[in-house]
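# Examining the three-dimensional arrangement
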Amino acid sequence: MTDAPLIAGVELGGTKINCILARGPDAIAEEVQIPTTSPEQTLAAIEAVLERWRGFAALGIASFGPISIDRSSEHYGHITATPKPDWANTDVARRLARQTAVPTGFHTDVVGAALAEARWGAAAGLADLAYVTVGTGIGVGLIAGGKPLDGLTHSELGHIRVARVAGDAWPGVCPFHGDCLEGLASGPAIAARAGKPAQMLSSEDPAWDGVAHALGQLLHTLVLTGVPRRIVMGGGVMVGTAHLFPRVRAAMTASLAGYVSLDEVAQADTYIVPPGLGDRAGPLGAIVLGEQALHGGSPS
Ligand code: ZN
């Protein structure tokens, strides 16, 4: 690993930024955390760190979304329509690429985490996988043939429509769709429905039934779409509630109803797994994005 190039990674989160200088998980030179405040203050703080680290071979940026990943667009490198105050239409990647003048990769935090889990974590060596985060929002990094499933922009599987539990008409909390997946099963949805945060809910609380049912349908959709070889599930709601894994596995299996006859999918305990890198998946994902930019020769 000492032969691997030194990469700078920036994971942009809604509350904090992780800056990391590393060759991989076993060769981390330095990490710096910066609180996410105003765009100008935050980006200036990131630039100061990168300036101090100068000499790295590439830069990877894994960001909360939605973001523009289309390099032919004038909006490339921007955070686009986020409701986060002052951050909509903020240039991140072009600005940092200009400053550092190294090949720069830019994608969503969940795609970064998926690539890191595929490289060093719970899906190591697999070219087809999904990484699902269930926390403040629901996001999915779906990787097929080693590449994220991108079109005009990145996918947004957290907002798919799901069938409701029979008789359940709770309206959900997504400002766009109400009872889409994120509107039903994200941390804020659970808190709104149950009156307290997911981590404080007993495993018997009936709110979990709808959450597991909705997440099971996301897994159903992922199996039928990208046919990943493994699905890694992380984020605050999954990590804090071990009882949820058996429930979402069972919900997926019940929803698929035997239609997909693949041994890998049938063995749900090894098919739906927690992250191998824990909370390191995010910053290490930025490292993989930097590596890919370096080897892919992407223009900075
Ligand atoms: Zn939605």
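Residues numbered from 1 in each chain as written. Predicted model: local features only at pLDDT ≥ 70, side-chain atom pairs only at ≥ 80, totals over all residues. Heavy atoms only, no water.

## Considering the packing of helix α3 (residues 109–120) against helix α11 (residues 281–296)
The condition that has to hold: Axis definition: a line fitted to C-alpha atoms, over the contacting stretch in the case of helices. Angles run 0 to 180 degrees between N-to-C directions. For the purposes of this entry, the term helix denotes a DSSP run of H or I that reaches at least four residues, the term strand denotes a run of E that reaches at least two, and both are numbered from the N terminus. Should an angle fall under 35 degrees it is taken as roughly parallel, and over 145 as roughly antiparallel, whereas 65 to 115 is taken as roughly perpendicular and any remaining angle as oblique. Residue contacts follow a heavy-atom distance rule, with two residues in contact if any of their heavy atoms lie within 4.5 Å. Under this grouping Gly is polar, as are all residues other than the nonpolar Ala, Val, Leu, Ile, Met, Phe, Trp, Tyr, Cys and Pro and the charged Asp, Glu, Lys and Arg.
Look at α3 against α11: their axes get within 7 Å of each other, and the N-to-C directions meet at 85°. When the axis of α3 is compared with that of α11, the two are roughly perpendicular. Taken together, the residues of α11 that come into contact with α3 (itself represented by Gly 112, Ala 113, Leu 115, Ala 116, Glu 117, Arg 119 and Trp 120) are Ala 281, Leu 284, Gly 285, Ile 287, Val 288, Leu 289, Glu 291 and Gln 292. For the contact of α3 with α11, the class distribution of residues is nine nonpolar, three polar and three charged.

## As for the coordination of the zinc ion
Put simply, the rule is: Only nitrogen, oxygen and sulfur atoms count as donors, using a 2.8 Å cut-off from the metal that widens to 3.2 Å for Na, K and Ca. Water is left out, so coordination shells may look unfilled. Labels for metal geometry use angle windows, namely 85 to 135 degrees for all angles of a four-donor tetrahedral site, and for square planar (four donors) or octahedral (six donors) sites opposite donors over 155 degrees apart plus all others within 65 to 115; sites meeting none of these are irregular. Accessibility here uses a 1.4 Å probe with only protein chains present; expressed as a share of the type maximum, an area under 20% marks a residue as buried, one over 50% as exposed, and anything in between as partly exposed.
Looking at the zinc ion, the protein donor atoms are His 159 (ND1), Cys 174 (SG), His 177 (ND1) and Cys 180 (SG), and they sit 2.1 to 2.4 Å from it. Coordination geometry of the zinc ion: the four donor atoms subtend angles of 105 to 116° at the metal centre, consistent with an arrangement described as tetrahedral. Donor residues for the zinc ion sit on one chain with the sequence pattern H-x14-C-x2-H-x2-C. By the burial criterion, Cys 174 is buried, and Cys 180 matches it.

## Remarks on α3
Stated precisely, the cut-off is as follows: Helix span is expected to be 1.5 Å times the residue number reduced by one.
Between its first and last C-alpha atoms α3 spans 16 Å; for twelve residues at 1.5 Å apiece the expected length is 16 Å, and the two agree. Within α3, ten of the twelve residues are buried, which leaves the element mostly enclosed by the surrounding structure. Listing the buried residues of α3 in full gives Val 110, Val 111, Gly 112, Ala 113, Ala 114, Leu 115, Ala 116, Glu 117, Ala 118 and Trp 120.

## Considerations on the pattern of salt bridges
The cut-off we apply is this: Throughout this description, the term salt bridge denotes a Lys or Arg side-chain nitrogen within 4 Å of a carboxyl oxygen of Asp or Glu.
Here the structure, examined in full by the defined rule, presents 13 salt bridges. The shortest N-O distance in the salt bridge between Glu 30 and Arg 52 comes to 3.0 Å. One end of the pair, Glu 30, is in strand β3 (residues 27–35); the other, Arg 52, is in helix α1 (residues 39–53), with 22 residues separating them in the sequence. Its salt-bridge partner being Glu 47, residue Arg 95 comes within 2.8 Å of it at the nearest N-O pair. In this pair, Arg 95 sits in helix α2 (residues 93–100) while Glu 47 sits in helix α1, placing the two residues 48 residues apart along the sequence.

## Description of the domain arrangement of the protein chain
This is how it is decided: What marks off one domain from the next here is an automatic or database domain assignment. Using a 1.4 Å probe, buried area is obtained as the accessible area two parts lose upon being combined, added over both of them. Residues adjacent in sequence count toward polar contacts only when both atoms are side-chain atoms; beyond that, a polar contact is any pair of N or O atoms within 3.5 Å, and within protein one must be able to donate a hydrogen and the other to accept it.
Examined at the domain level, the protein chain breaks down into domain 1 (7–109 + 279–296) and domain 2 (122–275). For domain 1 versus domain 2, the distance between C-alpha centres works out to 26 Å. Listed per partner, the contact involves seven residues of domain 1 and seven residues of domain 2. For the domain 1 and domain 2 pair, buried surface summed over both sides reaches about 540 Å², with 58% attributable to carbon and sulfur atoms. For the domain 1 face of the interface with domain 2, the top three residues by lost area are Ile 69, His 107 and Thr 108, together amounting to 50%. The interface formed by domain 1 and domain 2 includes zero salt bridges. On inspection of domain 1 and its partner domain 2, the count reaches three residue pairs in polar contact (both at pLDDT 80 or more). Grouping the constituent residues of the side of domain 1 that touches domain 2 by class yields three nonpolar, three polar and one charged.

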